[in-house]
Amino acid sequence: MAVSALRKPDPMDVLSNSWYHLRLSVRHPQRVPTWDAIVLTAASPEQAELYEWQLSRAKRMERIADTTITMAVPDPQGARIGSGAATLSAIRALADYLGRNEPQVFLDSVNGEESYGSNIVNQLVKMRILLVHAGGDSKRVPWANPMGKAFLPLPYLAEEDPDGPVPLLFDHILAVSSCALKAFKDKGGLFIMTGDVLPCFDSSIMSFPDDGACVVTVPTTLDIATNHGVIVISSTRTNLCGSHKNLDIVEMLLQKPSLKDLENNGAIGFDGRALLDTGIFAIRGKAWQDIIKLSSASPRLISELLKRKEEVSLYEDLAAAWVSAKHEWLKTRPLGLELVNALGDQKLFTYCAYDLLFLHFGTSSEILDHLGEGNGGRVGRRHLSSIPASTVCDLATSAAILSSEIASGVSVGDDSLIYDSILSSGVQIGSRCVVVGVHIDQERRVYNENGPFLVLPDRHCLWEVPLVGDTGRVILCCGIEDNPKSSIYSGGTFCGKPWEKVFSKLGIRESNLWNHEQKQRYLWNAKLFPVVPQAEGLKLAMWLMGFNLDHNEDMLHLWENSQRVSLEEMHRSIDYRQLCAESSNHRSKLAAGIAKACISYGLLGRNLSRLCAEILEGENNGIDICKSYLSLCPNPQTSNLSLLNLPKSRAYQAQVDLHRACKQEQSANVTEESVWAAVAAETSAAVRQDLEDQASKPLNGVATQICDGYEHHQIANSQPLQPKRAHVELPVRVDFVGGWSDTPPWSLERIGCVLNMAIHLEGTLPVGAEIVVRSSEGILIRDDAGNQLHIQDRRSIAPPFHEDDQFRLVKAALTVTGIVNPSDKIMSSTGLEISTWAKVPRGSGLGTSSILAAAVIKGLQHVIGGDESNENVARLVLVLEQLMGTGGGWQDQIGGLYPGIKCTTSLPGKPLRLNIETVSVSSQLVLELEQRMLVVFTGQVRLAHGVLQKVVVRYLQRDALLITSIKRLAKLAKIGRECLMSGNLDDLGRIMLEAWRLHQELDPYCSNTFVDKLFEYSDPFCCGYKLIGAGGGGFALLLARNREAADDLKNLLKASGFPIKIYNWSFKQFFSGI
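Conventions and cut-offs
Residues numbered from 1 in each chain as written. Predicted model: local features only at pLDDT ≥ 70, side-chain atom pairs only at ≥ 80, totals over all residues. Heavy atoms only, no water. Helix = DSSP H or I, 4+ residues; strand = E, 2+ residues; numbered from the N terminus. Rg over C-alpha atoms; globule rule 2.2 N^0.38 Å. Buried < 20%, exposed > 50% of the residue type's maximum accessible area, 1.4 Å probe, protein only. Contact = heavy atoms within 4.5 Å. Areas by Shrake-Rupley, 256 points an atom, 1.4 Å probe, with all protein chains shown as cover. Lys, Arg positive; Asp, Glu negative; His and termini not counted. Charge placed at Lys NZ, Arg CZ, Asp CG, Glu CD. Pairing = 2+ DSSP bridges. Salt bridge = Lys/Arg side-chain N within 4 Å of Asp/Glu carboxyl O. Polar contact = N/O pair within 3.5 Å; in protein donor to acceptor, adjacent residues only side chain to side chain. Axes fitted to C-alpha atoms, helices over the stretch in contact; angles between N-to-C directions. Expected span 1.5 Å × (residues − 1). Phe/Tyr/Trp six-rings, centres within 6.5 Å; stacked < 30°, edge-to-face > 60°. Lys NZ or Arg CZ within 6 Å of the ring centre and 35° of its normal. Parallel < 35°, antiparallel > 145°, perpendicular 65-115°, else oblique. Left-handed = near helix turned anticlockwise from the far one by under 90°. Nonpolar A, V, L, I, M, F, W, Y, C, P; charged D, E, K, R; others polar. Disulfide = S-S within 2.5 Å. Core = buried A, V, L, I, M, F, W, Y, C linked by side-chain atoms within 4.5 Å. pLDDT = per-residue confidence, 0-100.

1. Let's talk about the overall build of the protein
Check the secondary structure of the protein and you find 36 helices and 44 strands. Relative to the 2.2 N^0.38 estimate, which gives 31 Å for 1074 residues, the radius of gyration of the protein is 34 Å and therefore close to what a compact globule would have. Principal-axis analysis of the C-alpha atoms gives the protein an extent of 115 × 75 × 60 Å. A total of 1074 residues make up the protein; the buried ones form 60% of that total. A sequence separation of at least 24 residues applies to 70% of the contacts in the protein between residues at least 6 apart. Entry remark: accessible area of the protein is about 42300 Å², with carbon and sulfur atoms responsible for 49%. Each charge class in the protein was averaged separately, 106 positive and 120 negative side chains, and the resulting centres sit 2 Å apart.

If you want it as structure tokens, here you go:
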């Protein structure tokens, strides 16, 4: 059934999920498939060179995986050959690329044509290729010609990376297309999209035929259908791909049909709508093999097209080869017979994406409309720009100012777009205007005492372009609604005015713009734009737009005596290399200014790593700039950072980022040790009020700083120990949501919130420790693996503890409790025997090490008469983990020390404060939870430390996406608490799914292929699932849709062959620790 347009998903949510998938595929392509090749078509070799630059930049900016082959393929000789011929040419170019790297292309001795060797064919058949048609001259959006319409700035979701590059239309296309790979499964094929459309939909749920071509369609109203391509499906709705695939066979193709054509061909559905051709194609199996074979002959075929000056369209001609009803028509078309013979044995199917939202960027007005729409406030309006205070300029809040430098005394009206520009004082930009690539700085402008230096009227475009050779630059202008393809005799306009009015007001004659041989006269080929120095070019642009008419004769004389170009000539004469260099240098300068301000004003609140990447994109000694910023950074060893409200860990991380930008890897590694030392010291200071704020030390800094805070720690009861025994048993914890918000340094600087639960496994409390005071001196340590260690002199226990030391947890517990303090006489004539056990697999993710540390510390505090309260023990475990160098937050020990379900909030400060709220649930809900939730050991051993370090570094770098994600996790914990209190486990499951997605956003390596397959297998039975803890392996939580689904899933998993173990678990509101 069709879905109402009113119920379509929010496009920003769809894009956000697509970007999440794109980031996973780029960062972890071994786990999440990425494209084997991405190919763009271009109108000319010069435009192809620009696209190659954009593709390389996309790789550097982590939009495309390093393993992906990228290339831009121009139309031969810069002539138009059509999207169908360009498709064949692109495949041929990719085959030639593979042949150069693995020489398998050979010359056919029969007909003299180059054909593919079997190795090349086999390689192409297996490859998953994204082809984006981005050629063309953008007549309706002439200011986009220099950059290519596919690379329009489109700052959707820009807040997720405010210090990175401005998102482009092409970036969003990459995001949407990345999800389509799921439909390809493990097979190769070609996926085709267009560069001037953003289809917002979940492409991961598409179905494609195993053999054949498939066009994606969306239901549309008839007024739209009559102006676009329409797909007609079989009247019997024959599904030749099986019931498991939502595909229909295509019976007819219509191009801009009349209403009568739609009716006669049965194109109107029961809901009164028709199926719109979106321009998205997937070609797989035998159809893919056929088109590969045909592409080998493309040089000859395209040569014939060039001779005849004909074109072959993908949407009309190539697609028609797969529709038998179009074969006779196709045979009358250019290369039609060859297409039918080569491709005609396969069928064309359609997948209807009912939820697809079609964002077209065909005109300037459409682009501004898309930027101006609310979209939940998720359109970036100030991105990577230098903007003065609002008291010295007038910038409309709805204006998008991207990669631009704005001086004081500038005004910009509502819904305007300023991109890659510099605007000096005295510039006034109206409403719904577009300014691109215009650099008006104070040194180059001419001061105007009588008023503004430049006025751009409402609904106008202004852009500046470098031309090839020594011909200089040209400033161009037009009206937003101008259609450069409209004839001057039939409604054509320039700057919003009919041509007759332009001629009469300015004194321009038709002969000035077109020669007598040009019968087709429109804005596109009018020689309007003078190639003159910028100051004169801006004056003439204002004159062309209707200003400076008081000096009309002077301006007309200057204009008539200048070399002039048309939009068409400009398109062929753009100096793309100069354009790329200028753009890179401009953005580099902007990023450098932002980075310098970030460092100079003390808070270091921006992501220097991202800014430095942009600085290094320029040609102006980016490394030298980054080196100069190192000297500006506050020195944590000499500066009083407390006055700046700046944590030392952040200050050191800023130095690490700058060292790496300067290619000083050794210095970065040394400074990185100070980062972790500072994090440890800050954690200890937050836990212990009496801990002094020590300076970081590069070597053994963590241990030194923490222990310096405890060297004078005295045990409250310093009398020699009496024979005593403490036996501590604790549960493990499972976390529903909120993890990472408990981890230092986040929890030291921001509010954290975690929802977790203490559980028994297999009917027991699985973690424990026993401490026995004995009469003989020394300390004996035993674990449940049969290992033991006798330490005669307790003074020999001193950090740092080596990570391979299997008893370092107990040693660290002895240190933080003060027992090994040589000044205490508490163990002058006695000793300790300490036994530990954990009846769970290693690397479980159940918080075992922290809970075991809590058990040891609680037992030690008991035998020495210390503070064994849960709150104190939890604080000491936090210090212990920093001492061990494993990091970690507070949620594990809280989860094990306190019974039941807890929603715990941490409040930053000294000391760190924890508000532990028990979530009271009914016995009925407890029973339902025990029946529906499976606790499964995945068999994948994981260590949280590696994942934790990556996440902490990203936080210290002030990664905006990470900060947003952890904030969301903390908020979800509070929402999850409400779900439990209201007995809504289904909503809790949805929260678990979102939490799992956010965990993968924080670090894609928190999962692996095995876990992905396990969750995919379990998905039909579950309303939620996630790995427990930081991820990477260990235990998983599977929350089934109901009791029956839980039983079915449990039985299926046991029989599935997955090397897993399903544990029996139980929940108790209360338990006794000692």
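On we go from here.
2. What to know about the sheet that holds strand β19 (residues 417-419)
Hydrogen bonds along the backbone pair up the strands of a sheet, which may run parallel or antiparallel. In spatial order, the strands read β14-β16-β19-β22-β25-β26; together these six strands make up an open sheet with mixed pairing. Here the strands that pair on one side only, and so sit at the sheet edges, are β14 (382-383) and β26 (473-479). Bridge analysis of strand β22 (residues 434-436) against strand β25 (residues 460-466) gives three bridges, and the strand direction is parallel. Its bridge partner being in β25, V436 is matched across the sheet by W463.

3. What to know about the pattern of salt bridges
Under the definition given, this model contains 49 salt bridges. In this structure, the salt-bridge partner of R23 is E160, at a minimum N-O distance of 3.6 Å. Taken together, the residues R23 in helix α1 (residues 11-27) and E160 in the loop between β5 (128-133) and α5 (169-184) connect sequence positions 137 residues apart. Comparing R23 with E160 shows no difference in burial state: the two are buried. Between D210 and R284 there is a salt bridge, with its nearest N and O atoms 3.7 Å apart.

4. Here we look at the side chain of R977
Residue position: R977 is located in helix α33 (residues 960-981). A distance of 2.2 Å separates polar atoms of two side chains, one belonging to R977 and the other to E978. Look past the residues within four positions of R977 in its chain and what remains in contact with it is L755, C903, E917 and V919.

5. Structural notes on the sheet that holds strand β31 (residues 725-730)
Ordered in space as β31-β34-β37-β35-β36, the five strands form an open sheet in which the pairing is mixed. Where the open sheet ends on each side, the last strands, each with one partner, are β31 and β36 (788-791). Here the average twist between neighbouring strands, direction ignored, is 10°. The sheet contact formed by strand β35 (residues 778-782) and strand β37 (residues 831-838) spans five bridges and is parallel. For R782, the partnering residue across the bridge sits in β37 and is S835. Where helix α27 (residues 808-816) meets the sheet, its contacts fall on β35, β36 and β37, and the angle it forms with β37 comes to roughly 130°. Contacts from helix α28 (residues 848-864) reach β31, β34 (767-774) and β37 within the one sheet, and its direction differs from that of β34 by about 25°.

6. Re α5
End to end, α5 covers 24 Å across 16 residues, agreeing with the expected 22 Å (1.5 Å per residue, within 8%). Where burial is concerned, most of α5 is hidden: 15 out of the 16 residues are buried. The positive-phi residue at the C-terminal boundary of α5 is K185, with phi of around 55°.

7. A few points about the packing of aromatic side chains
Scanning all chains against the criterion turns up 20 aromatic pairs. Geometrically, the ring pair formed by F184 and F191 is edge-to-face, given 6.2 Å between the ring centres and 85° between the ring planes. Note on F184 and F208: the rings are 5.5 Å apart at their centroids and 75° apart in plane angle, and the pair reads as edge-to-face. Separated by 24 residues along the polypeptide, F184 in helix α5 and F208 in the loop between β7 (197-200) and β8 (212-220) bring together distant segments of the chain. Looking at F208, the relative accessible area reads 2%, which means it is buried. Here a set of aromatic residues connected by ring pairs shows up, and it is made of F494, W499, F503, W514 and F529. Taking NZ or CZ as reference, K326 lies 4.2 Å from the ring centre of W329, over its face. In this structure, K1061 is placed above the aromatic ring of Y1063, and the distance from its NZ or CZ to the ring centre is 4.4 Å.

8. Details of the packing of helix α35 (residues 1009-1018) against helix α36 (residues 1043-1056)
Between two packed helices, both the angle of their axes relative to each other and the distance between the axes serve to describe the pair. The contact between α35 and α36 brings their axes to 11 Å, and the two run at 140°. Here α35 is positioned oblique relative to α36, judged by the angle of their axes. Between α35 and α36 lies a crossing whose hand is right-handed. In this structure, α35 contributes L1014, Y1017 and S1018 to the contact, and α36 contributes L1049, L1052, L1053 and S1056. Here the residues of the contact of α35 with α36 sort into five nonpolar, two polar and no charged.

9. Details of the environment of S486
Assignment of secondary structure puts S486 in the loop between β26 and β27 (493-494). Distance from S486 to L523, taken between C-alpha atoms, is 7.3 Å for residues 37 residues apart in sequence. Once residues lying within four places of it in the same chain are set aside, the contact partners of S486 are G492, R521, Y522 and L523.

10. Some remarks on the state of the cysteines
Going through the model one piece at a time under the given rule, you end up with zero disulfides. Just so you know, C477 is unpaired, no disulfide at all, and the nearest cysteine sulfur is the one on C495, 4.4 Å from it. Cysteine C1023 shares no disulfide, and the gap to the nearest cysteine sulfur, in C1022, comes to 7.1 Å.

11. Observations regarding the nonpolar core
Among the nonpolar cores identified, the biggest contains 137 residues, and W143, F191, L198 and W499 are the most heavily contacted of them. Of the residues forming this core, the biggest block, 10 residues, is contributed by α5. Once you skip the residues sitting within four places of it in the chain, W143 turns out to touch L152, S364, I367, L417, V434, V436, C461 and W463. Ranked by size, the runner-up nonpolar core spans 113 residues in total, among them V656, A686, L814 and I857.

12. Observations concerning the confidence of the model for the protein
Scored by pLDDT, the protein has a mean of 89; 91% of the residues are at 70 or more. Considering only residues more than four positions removed or in separate chains, one finds that residues 104-110, a stretch of pLDDT under 50, has 20 contacts.

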